[in-house]
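# Overview (structure and organization)
Spelled out, the chains give:
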Amino acid sequence: MPIATPEQYAEMIDRAKAGKFAYPAFNVSSSQTINAVLQGLTEAGSDGIIQVTTGGADYFAGHTVKNRASGALAMAKFAHEVAKNYPVTVALHTDHCPKDALESFVLPLIEASEDEVREGRNPIFQSHMWDGSAVPLDENIEIAKTMIDKTRAINAILEVEIGVVGGEEDGVKHEGTNDALYTTAGDVEKAVAALGLGDRGRWIAALTFGNVHGVYKPGNVKLRPELLGEIQAEIAKNHGTGENPLDLVFHGGSGSTDDEIKEAVRNGVIKMNIDTDTQYAFTRSIADWMFRNYEGVLKVDGEVGNKKQYDPRSWGKTAETAMAARVLEATKVLGSAGQSQS
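Presented here is an overview of the structure given in this document.

Each value, and the rule that gives it
- The written sequence of each chain sets the order in which its residues are numbered from 1.
- The predicted origin of the model limits local features to residues at a pLDDT of at least 70 and limits the giving and counting of side-chain atom pairs to 80 or more, whereas totals for whole chains, interfaces and linings rest on all residues.
- Hydrogens and water are ignored here; the side-chain numbers use all heavy atoms of the structure.
- Helix and strand definitions follow DSSP, with helices as H or I runs of at least four residues and strands as E runs of at least two, each counted in order from the N terminus.
- The atom set for the radius of gyration is the C-alpha atoms, and the globule formula is 2.2 Å times the number of residues raised to the power 0.38.
- Should any heavy atoms of two residues lie within 4.5 Å, those residues are considered in contact.
- Residue count minus one, scaled by 1.5 Å, sets the expected span of a helix.
- Whether a residue is buried, partly exposed or exposed follows from its accessible area with a 1.4 Å probe, protein chains only, as a fraction of its type maximum: under 20%, in between, or over 50%, in that order.
- In this description, one arc is meant: the one made by directions from the helix axis to the C-beta atoms.
- Criterion for a salt bridge: a side-chain nitrogen of Lys or Arg within 4 Å of a carboxyl oxygen of Asp or Glu.
- Centres within 6.5 Å are what make two rings of Phe, Tyr or Trp a pair, Trp counting through its six-membered ring; a difference in plane orientation under 30 degrees is then read as stacked, over 60 as edge-to-face, and the rest as tilted.
- By definition, two strands form a pair when at least two bridges between them are found by DSSP.
- If you view a crossover with the strands going away from you and the path from the first strand over the helix to the second runs clockwise, you call it right-handed.

## Some details on the overall build of the chain
Each helix and strand in the chain was counted, giving 13 helices and 10 strands. Here the chain has a C-alpha radius of gyration of 20 Å; the compact-globule value for 342 residues is 20 Å, and the two agree. C-alpha extents for the chain along the principal axes are approximately 75 × 50 × 40 Å. Taking contacts inside the chain between residues at least 6 apart in sequence as the whole, the part at least 24 apart equals 75%.

Next up, the structure:
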């Protein structure tokens, strides 16, 4: 299916919220990883989200060039074309844009979408993340106010981070007290006062409940997914809304238990970012291929090797399929498997 229209993306989120499931959002950094996501979502019968970080966009542009806006546009053009070959609906998102990357990453992409919208077409990306977790909360929210005006104008959705996800994601690193890893209802109330509850443009919120980016073993990080429910209840009470008024995002989920993930989804998570686990699935399969075909991929002792084994398409197909299997697994845990609206 073609990449989701703004209306289809909004409907995806509404369906997830009503059905108590969440969409997996996969970070990609190459055409192969895009294809792997699309393969896995198709096998799962799940819609989903493909997203790119500043580092991923730099890589798409060419690692010696590092023009992240150009790389993100190239990524989007590729995804828009190949997605037509798969029977699922996929949205495109830009992930984790800190303050010092706004001018080189998200703002040029929004400008490119403004050109598309003026011509009667859809925005290139359906949502953009402003990551203000490294600046004071008041500044974070003030910038979010300017950003939501821009995303609303192109019929896109803004993602904001209220709180601090620990660890590191593409150079955005947070180290601090454990208390900083848990968003408070007061923090969220400030965001709601500034951004509204959909009346000023749609936004989704990455609240933090002990999340940490990267790799960790179960039990090493104290997640409190019940905190999301407590915050939702407080906002609902203060504003007279129904259950779970906020559309939430789960960052830093590697190592989380299935029960923790499912509780977060029950408390309003409609999008969960997945990167570390799919990176490992992709690379682990390549390592396995190389070890099992050692004398084929290398010209050992003056031999010629085996072209069929060192051809990048050979191990590339294996890597895509291994990553697709991890994509499928994610959809089952999040409940989006079999839920495609296509």
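## Re helix α4 (residues 68-82)
Here α4 is 15 residues long and its end C-alpha atoms lie 21 Å apart, about the 21 Å a rise of 1.5 Å per residue gives. Listed in full, the buried residues belonging to α4 are Ala69, Gly71, Ala72, Met75, Ala76, Ala79 and Val82. Projected down its long axis, α4 carries its buried residues within an arc of 165 degrees, all on one side. Contact partners of the buried residues in α4: α2 (31-44), β2 (48-52), α3 (54-61), β3 (90-94) and α5 (106-118).

## Focus on unusual backbone geometry
Of note, Asn155 is a non-glycine position whose phi angle comes to about 60 degrees, a positive value. By relative accessible area, which is 43% here, Asn155 ends up partly exposed.

## Considerations on the pattern of salt bridges
With the rule as written, the count across this model stands at 20 salt bridges. The residue Lys190 makes a salt bridge to Asp138 at a minimum N-O spacing of 3.6 Å. Separated by 52 residues along the polypeptide, Lys190 in helix α7 (residues 185-195) and Asp138 in helix α6 (residues 137-153) bring together distant segments of the chain. Look at Lys190 and you get partly exposed, because its relative accessible area is 44%. With a closest N to O distance of 3.0 Å, Glu159 and Lys271 form a salt bridge. Here Glu159 is found in strand β5 (residues 157-162), whereas its partner Lys271 is found in strand β10 (residues 269-274), with 112 residues between them in sequence. The same class applies to Glu159 as to Lys271, namely buried.

## Observations concerning the packing of aromatic side chains
Taken as a whole, this structure holds two aromatic pairs when the rule is applied. With centroids separated by 5.4 Å and ring planes inclined at 80 degrees, the aromatic side chains of Phe21 and Tyr23 adopt a geometry described as edge-to-face.

## Re the environment of Asp100
One can find Asp100 in the loop between β3 and α5. Taking the C-alpha atoms as reference, Asp100 lies 23 Å from Lys190; in sequence the two are 90 residues apart.

## Quick word on α6
A rise of 1.5 Å per residue sets the reference length of α6, with its 17 residues, at 24 Å; its end C-alpha atoms lie 24 Å apart and thus fit the reference within 8%. Inspection of α6 places Asn140, Ile141, Ile143, Ala144, Met147, Ile148 and Thr151 among the buried residues, and these make up the whole buried set. On its buried face, α6 sits against α5, β4 (127-130), β5, α7 and β8 (203-207). Positive phi appears at Asn155, one or two residues downstream of α6, with a value of about 60 degrees.

## Regarding the environment of Val265
Relative to the assigned elements, Val265 resides in helix α9 (residues 258-266). Spatially, the C-alpha atoms of Val265 and Glu230 are 13 Å apart, while their sequence positions differ by 35 residues.

## Let's talk about the pairing of β10
Burial analysis of β10 places six of its six residues in the buried class, the great majority of the element. Pairing geometry for strand β1 (residues 23-27) and β10, over four bridges, is parallel. Its bridge partner lying in β10, Tyr23 is registered against Lys271. Note that strand β9 (residues 248-250) and β10 share three bridges and pair parallel. Note on β10: the bridge partner recorded for Val249 is Lys271. In this fold, the crossover linking β9 to β10 by way of α9 has right-handed handedness.

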